[in-house]
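Single-letter residue listing:
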Amino acid sequence: VAVHNLEMLDRNDYECELLVLATNGIDPFLADQGHNVDALPVFSAVHAELLKQARPELWGTPHYVTGLGHDPEPYRQNEERVPGRIFVSNDPQRGLWHLLDIFGELQKIQPNVSLHIGYDIDRVFEAVRWSASANAQMLWECKERIEANDAIKNLGALSEREVIREELECDVHVWPSD
């Protein structure tokens, strides 16, 4: 069983021989629950060393270098950066509202700033469009704000190649996380 964090983890809830914790090492529950972890995947030897420094109490736990999970080769090209461009390519339910707030403030101080959204917002929006939820309301408002601002471009669903091009061209790539 692989878990993302240890909050409210009870090893007895899992009938497993091995519990793998996918973490960056800052999980606040490691101090109390770290003894339940059987293995830690890390991206590189550097990541392993950083984890060792941040959480020496975990260092007896076996760790396995998994690699980055993507091929860096397509990123080895010379795309011209577009000054002031911001690119976001994450699920709009994970921070787009806040990014639009920040973007409005950025426009006041940097008039040539632009925002490219490389995620299929319409697909996410259609799934909740008529539901009576805060999430649906937030997406309605995000769509209205995007459509009302000429500096924001909703690019829709992008291919891997198009995402890479946008990442290479932007000044800032925003990637909201948990």
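Residues numbered from 1 in each chain as written. Predicted model: local features only at pLDDT ≥ 70, side-chain atom pairs only at ≥ 80, totals over all residues. Heavy atoms only, no water.

Undergrad: Honestly, the packing of aromatic side chains in this entry has me stumped. Any pointers?
TA: Two aromatic rings are characterised by how far apart their centres lie and by the angle between their planes. Within the structure shown, the criterion is met by two aromatic pairs. In this structure an aromatic cluster arises from ring pairing among Phe125, Trp130 and Trp140. Arg145 extends its terminal NZ or CZ atom over the ring of Trp97, reaching a point 4.5 Å from the ring centre. (Phe/Tyr/Trp six-rings, centres within 6.5 Å; stacked < 30°, edge-to-face > 60°. Lys NZ or Arg CZ within 6 Å of the ring centre and 35° of its normal.)

Undergrad: In this structure, what is going on with the sheet that holds strand S5 (residues 85-88)? I would like to understand it.
TA: Note on sheets: strands pair through backbone hydrogen bonds, and any given pair is parallel or antiparallel. Strand order in the open sheet made by the four strands is S7-S6-S5-S8, with parallel pairing throughout. Of all strands in the sheet, those with a lone pairing partner are strand S7 (152-154) and strand S8 (172-174), marking the two edges. Here the average twist between neighbouring strands, direction ignored, is 20°. Note: strand S6 (residues 114-117) against S7, three bridges, orientation parallel. Paired with Leu115 across the bridge in S7 is Ile152. Against the sheet, helix H6 (residues 160-169) makes contact with S5, S6 and S8, and its axis sits at roughly 145° relative to S5, the strand it touches most. (Pairing = 2+ DSSP bridges. Helix = DSSP H or I, 4+ residues; strand = E, 2+ residues; numbered from the N terminus. Axes fitted to C-alpha atoms, helices over the stretch in contact; angles between N-to-C directions. Contact = heavy atoms within 4.5 Å.)

Undergrad: What am I meant to see in the pattern of salt bridges here?
TA: One side chain can pair with another of opposite charge once the charged atoms of both are near each other. Tallying each qualifying case throughout the model produces nine salt bridges. A salt bridge links Arg85 to Glu169; the shortest N-O distance between them is 2.8 Å. Residue Arg85 is located in strand S5, and its partner Glu169 is located in helix H6; the two are separated by 84 residues in the primary sequence. Each of the two residues, Arg85 as well as Glu169, counts as buried. Arg165 is the partner of Glu169 in a salt bridge, and the nearest nitrogen-oxygen pair spans 3.8 Å. One end of the pair is Glu169 and the other is Arg165, both in helix H6 and four residues apart, which spans about a single turn. (Salt bridge = Lys/Arg side-chain N within 4 Å of Asp/Glu carboxyl O. Buried < 20%, exposed > 50% of the residue type's maximum accessible area, 1.4 Å probe, protein only.)

Undergrad: How should I be thinking about the packing of helix H4 (residues 121-128) against helix H5 (residues 134-147) in this particular structure?
TA: Two numbers describe a pair of packed helices, the interaxial angle and the distance between the axes. Closest axis-to-axis distance for the H4/H5 pair is 9 Å, and the angle between their directions is 140°. Taken together, H4 and H5 sit at an angle that is classed as oblique. H4 and H5 meet at a crossing whose hand is left-handed. Across the interface between the two elements, Ile121, Asp122, Val124, Phe125 and Val128 of H4 pack against Asn135, Ala136, Leu139, Trp140, Lys143 and Ile146 of H5. Classifying every residue of the contact of H4 with H5 gives eight nonpolar, one polar and two charged. (Parallel < 35°, antiparallel > 145°, perpendicular 65-115°, else oblique. Left-handed = near helix turned anticlockwise from the far one by under 90°. Nonpolar A, V, L, I, M, F, W, Y, C, P; charged D, E, K, R; others polar.)

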